[in-house]
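What the coordinates show
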Amino acid sequence: MNVLKFGGTSVSGAQNIKAVCEIVKHKSEKEQLIVVVSAFSGVTDLLLKAASTAASKDESYREIVSEIEKKHLDAIKELLPIQIQSSLLSHAKRILNHLETLLDGCFLLGELSNRTSDTIVGFGELLSSCIIAEALKQYVPSSEYKDSRELIKTDNRFGKANVDFEMTNNLTVSYFSEHPVRVTVMPGFIGSSKDGDNTTLGRGGSDYTAAIFAAAVNAERVEIWTDVNGMFTANPKLVKQARPIESISYQEAMELSHFGAKVLYPPTIQPALDKNIPIYIKNTFEPDAFGTLISNNPDTSSNPIKGITHIGEIALLTLEGSGMIGVAGSSKRLFEVLSDNGINVIFITQASSEHSICIGILDSESDKASVAINKAFSVEISQHKIEPCIVENGLCIVALVGESMKNHQGISGKMFSTLGKNNVNIRAIAQGASERNISVVINERDVKKALNTLHEQFFEDNTKQLNLFVMGVGNVGEKFLDQVHQQKKFLRENLKINLRVIALSNSRKMLFDEEGISLKDWKSGMENGETANKKTFIEKVKALNLRNSIFVDITANAEVSETYADYLEDNIAVVTCNKIACSSEYGNYNHLKNLSRKYNSPFLFETNVGAGLPIIDTLKHMVASGDKIHKIQAVLSGSLNFIFNNFNENTSFKEVVKEAGVQGFTEPDPKIDLSGVDVARKILILIRESGYEMEMSDIENLSFLPKACLETKSVPEFLESLEANAAHFNDLYEQARSNDSRLKYVAQFENGKASVGLQFIAKDHPFYNLEGKDNIVLFFTDRYVDQPLLIKGAGAGAAVTASGIFADVIRVGNI
């Protein structure tokens, strides 16, 4: 004999009940079955609502009863042929009339006792079981109905009654030995006391009913049929990558169900465990899926972690003080107080010094618990031997569960470091000697991030999901998104990095999608986005609180650069090509670097100098390995190099500058490039990354632009001034040609002094043959004395800049 239990979602409506009947019919061909059913989905809640509404003298309970009645009568009419509906409709109406009579009594008395509540809430199973039993006869004619209240006997603890197993087992064995029918349909959740009162086994008790009957008849297996493919490695509503667990031990299943896995009611496991009866969790809507097997012999060859689970809405209570040290009975008094007030303790941890003890309880009970504890320890509190109870609300417990964890070193360390890297603060830790469960208390705001981060670490082959928030989708931004779209599959398969773009913003619109923006048609999505607002953008990024979040700044906007601290303080990495922050006042630069270290938030800006060239990264490695930078010579402006390489007697200076802008080599305002400000920023960043403290004002800017050009107020005005001063630029070109040299805009640093300016470069200099938009940097160091370290390559352009940003994003993924 086997026992099948079908949950509320499995029997929510006629179509689902037909699917249940097909499953039962198929299985009954091979074996005798007990079928335990829950109330229709949502009915138990409606019954509780109707009871409380009636007790508060609100006549709207009648509307709730009408809703319950319609739900059941509609199911009967859809499930059964017209000619055999009448008897079942009459039976259902008698049950509903009884329900309404009880509710009328609650309304008249204005009260609801626990005894009455148990009777009322059990009507859901009584109705569903009689309907399903009758429907099943159309598939299995030899099926019968049996009221569970006649077999399951309990005490009078209404709401969560204790089963008298001796009496229950005797009645169950006796009944089934006398009624060897193919299928017996029984209501779950309900029983009766020895006095004949209706009782319930607690919410989710239909699972328990199935296990009780299975143990009584020594069933070969228990099958819990629900709407998911078994127990999952994490809550799939919070962790999209969660997957079914194929095999798990009774103890592991008990831990997972206790810590919030909703598929199974925790007490269910004990009767099956006592008789070593395997439990299968199956999906009514995918009956061929394997599901989860709970047994004494689970597969232990794979991951030692079987699942990650959590309990929300937790409060942490701490009792501490010198008056607890070495004083016997302090813990006993604390737990007695909580027990006397009906408060369940979910989590316990105590310092070895005995100075404090910390407990986790439901948030809703924290005020009652705090008052009771302070009252019990009032003498010690008045004598300042113990502090008043400290209450922290808005927390949750996250737990790793696995029978084999005790055989694997470093799991707890990996758990803590994984959470720490994502700025998830651990408030308390508990781990039993069995090492089956490692629990931590964290802020409830961080639960989704914590679950996903841990699942990524322990179940996803170390695949790291990076969540990108991109501001700036112009030339460079568009290339960056194209590269991300093109390389997503490669990164996932080869580097174990899963990239998702969660938000995009330009100066007009911003678009958010927590599941990831489709990069095939992001432009149309942007058009339908909301109005761009930098403050709102930051608030949304923080509110989402996603793991491995990266803010990507692809603008040249000063206001955007001022927001970096907000991101770094919230453990959000910053990747930027915007040079303003790192070339701002040294105090601000240093502050951002310190925030990055303090909050473990990467702050990367490789593209600040040399676009996609590995200049800053190389410099960092040299400094980190102990090398000392003494001198830097560089051509750092790809735009200026392009301009002076293409400026000749046949082309006006203005036209070359305009062409550089068209090709994306200059900033939107080319005066930033031509004035030397952009180059000064770049050399300043290299100086600071070399370990020197310097301000922008310390750099001598030897501008080659006439004063009239520098004083212009707009881009068109600036371009016109270039044309007006064409003779000046032509003279520079002629002077270079006559000296057999070339014009290069050079940045240099030596002996604590720095300058930027146009220079005439002779043929024997490394800079002479620098073509197109290339950059070149020479580092003279302790280790590179006679021959400097030389880095050379394309230093401007949307594609190479985008690739540099992309490389920084990947660096974050590899940290």
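Residues numbered from 1 in each chain as written. Predicted model: local features only at pLDDT ≥ 70, side-chain atom pairs only at ≥ 80, totals over all residues. Heavy atoms only, no water.

**Describing the sheet that holds strand E2 (residues 33-37)**
- Read from one edge of the open sheet, eight strands run E3-E5-E2-E1-E8-E10-E11-E9, paired in mixed fashion. The sheet is open, and its two borders are formed by strand E3 (144-145) and strand E9 (247-249), each paired with just one other strand.
- Pairing of strand E1 (residues 2-6) with E2, which is carried by five bridges, proceeds in the parallel orientation. Bridge pairing in E2 links Lys-5 to Val-36.
- Running over the sheet, helix H1 (residues 14-28) touches E1, E2, strand E5 (183-187) and strand E8 (222-226) and is turned about 175° from E1. (Pairing = 2+ DSSP bridges. Helix = DSSP H or I, 4+ residues; strand = E, 2+ residues; numbered from the N terminus. Contact = heavy atoms within 4.5 Å. Axes fitted to C-alpha atoms, helices over the stretch in contact; angles between N-to-C directions.)

**Considerations on the side chain of Ser-741**
- Tracing the sequence through the fold places Ser-741 in the loop between helix H29 (726-738) and strand E27 (742-750).
- Relative accessible area serves as the criterion here: at 11%, Ser-741 is assigned to the buried category.
- Sequence-distant contacts of Ser-741, that is, excluding residues within four places in its chain, are made with Ala-736, Phe-760, Ile-761, Ala-762 and Tyr-768. (Buried < 20%, exposed > 50% of the residue type's maximum accessible area, 1.4 Å probe, protein only.)

**Some remarks on the pattern of salt bridges**
- One pass over the full model with this rule turns up 38 salt bridges.
- Here Lys-27 makes a salt bridge to Glu-223, at a shortest N to O gap of 3.2 Å. Here Glu-223 lies in strand E8 and Lys-27 lies in helix H1, a separation of 196 residues in the sequence.
- What makes Lys-27 buried here is its relative accessible area of 17%.
- Among the ionic pairs, Asp-147 bridges to Arg-149, the shortest N-O distance being 2.7 Å.
- Judged by its relative accessible area of 11%, Asp-147 falls in the buried class.
- Through salt bridges with shared partners, a single ionic network connects Lys-27, Arg-221 and Glu-223. (Salt bridge = Lys/Arg side-chain N within 4 Å of Asp/Glu carboxyl O.)

**Some words on the pairing of E1**
- Judged by how many residues are buried, E1 sits mostly within the fold: five of five residues are covered.
- Residue alternation in E1 divides its side chains into two sets, Asn-2, Leu-4 and Phe-6 and Val-3 and Lys-5, and both sets are buried.
- Taken together, E1, H1 and E2 constitute a β-α-β crossover, and its handedness is right-handed.
- As defined by bridge partners, E1 adjoins E8 across four bridges and the pair is classed as parallel. Within E8, the position partnered with Val-3 by the bridge is Val-222. (Right-handed = clockwise from strand over helix to strand, strands pointing away.)

**Some words on the packing of helix H7 (residues 165-178) against helix H8 (residues 205-216)**
- Interaxial distance between H7 and H8 falls to 9 Å at its minimum, and their mutual angle equals 70°. In terms of orientation, H7 and H8 fall into the roughly perpendicular class. As for how H7 packs across H8, the hand of that crossing is right-handed. Of H8, the residues touching H7 (which contributes Phe-165, Thr-168, Asn-169, Thr-172 and Val-173) are Tyr-208, Ile-212, Phe-213 and Ala-216.
- Each residue belonging to the contact of H7 with H8 can be placed in one class, and the counts come to six nonpolar, three polar and no charged. (Parallel < 35°, antiparallel > 145°, perpendicular 65-115°, else oblique. Left-handed = near helix turned anticlockwise from the far one by under 90°. Nonpolar A, V, L, I, M, F, W, Y, C, P; charged D, E, K, R; others polar.)

**Observations regarding the packing of helix H11 (residues 330-340) against helix H12 (residues 366-376)**
- For the pair H11 and H12, the least separation of the axes is 10 Å and the interaxial angle reads 135°. With respect to each other, H11 and H12 are oriented oblique. As H11 runs across H12, the sense of the crossing is right-handed. Facing H11, whose interface residues are Arg-333, Leu-334, Val-337 and Leu-338, H12 presents Ala-369, Ala-372, Ile-373 and Ala-376.

**Structural notes on helix H28 (residues 715-724)**
- Those residues of H28 lying buried are Phe-718, Leu-719, Ser-721 and Leu-722. Down the axis of H28, the smallest arc covering the buried residues is 155°, so these residues share one side. Facing away from the buried side of H28, by more than 90 degrees, are the exposed residues Pro-716 and Ala-724.
- On its buried side, H28 packs onto helix H24 (653-662), helix H25 (670-674), helix H27 (707-710) and H29. (Arc of directions from axis to C-beta.)

**Concerning the sheet that holds strand E28 (residues 753-761)**
- Read across the sheet, six strands follow the order E26-E28-E27-E25-E29-E30 without closing on themselves; strand pairing throughout is mixed. Of all the strands in the sheet, just strand E26 (699-702) and strand E30 (789-794) have a single pairing partner and so form its edges. For this sheet, the mean inter-axis angle between neighbouring strands, taken without regard to orientation, is 20°.
- Relative to strand E29 (residues 774-781), strand E25 (residues 629-635) runs antiparallel, the two being bridged by six bridges. Within E29, the residue paired with Ile-629 across the bridge is Thr-781.

**Here we look at the state of the cysteines**
- Evaluated as defined, the whole model comprises zero disulfides.
- Of all cysteine sulfurs in the structure, the one in Cys-358 sits closest to Cys-389, which takes part in no disulfide; the separation is 9.4 Å. (Disulfide = S-S within 2.5 Å.)

**With respect to the side chain of Arg-436**
- Looking at the secondary structure, you find Arg-436 in the loop between strand E16 (426-431) and strand E17 (437-443).
- Within polar-contact distance, the side chain of Arg-436 engages the side chain of Glu-403 at 3.1 Å.
- Among residues more than four places away in sequence, those in contact with Arg-436 are Gln-251, Glu-252, Glu-255, Leu-400, Val-401, Gly-402, Glu-403 and Met-405. (Polar contact = N/O pair within 3.5 Å; in protein donor to acceptor, adjacent residues only side chain to side chain.)

**Considering the environment of Ile-281**
- Within the fold, Ile-281 resides in strand E10 (residues 279-283).
- Taking the relative accessible area as the measure of exposure, Ile-281 reaches 0% and is therefore buried.
- Counting along the chain gives 185 residues from Ile-281 to Leu-96, while the straight-line C-alpha distance between them is 32 Å.
- Setting aside anything within four residues of it in sequence, one finds Ile-281 in contact with Ile-224, Thr-226, Gly-230, Met-231, Val-263, Leu-264, Phe-290, Gly-291, Thr-292 and Ile-294.

**Re the pairing of strand E20 (residues 509-512)**
- As paired elements, strand E19 (residues 497-505) and E20 share three bridges and run antiparallel to each other. Looking at E20, one finds that Leu-504 is bridged to Leu-511.
- Linkage of E19 to E20, two consecutive antiparallel strands, is achieved through a turn of three residues.
- Of the strand pairs in this sheet, E20 and strand E21 (residues 530-531) are connected by two bridges, and their pairing is antiparallel. Pairing of Met-510 across the sheet is with Glu-530, part of E21.

**A short note on the packing of aromatic side chains**
- Within this structure, the stated rule accounts for 23 aromatic pairs.
- Of the aromatic side chains, those joined through ring pairs into one cluster are Phe-469, Phe-512, Phe-537, Phe-551, Tyr-564, Tyr-567, Phe-603 and Phe-605.
- The residue whose ring lies beneath Arg-221 is Tyr-280, and the NZ or CZ to ring-centre distance is 4.0 Å.
- The side chain of Lys-631 reaches across the aromatic face of Phe-780, ending 4.9 Å from its centre. (Phe/Tyr/Trp six-rings, centres within 6.5 Å; stacked < 30°, edge-to-face > 60°. Lys NZ or Arg CZ within 6 Å of the ring centre and 35° of its normal.)

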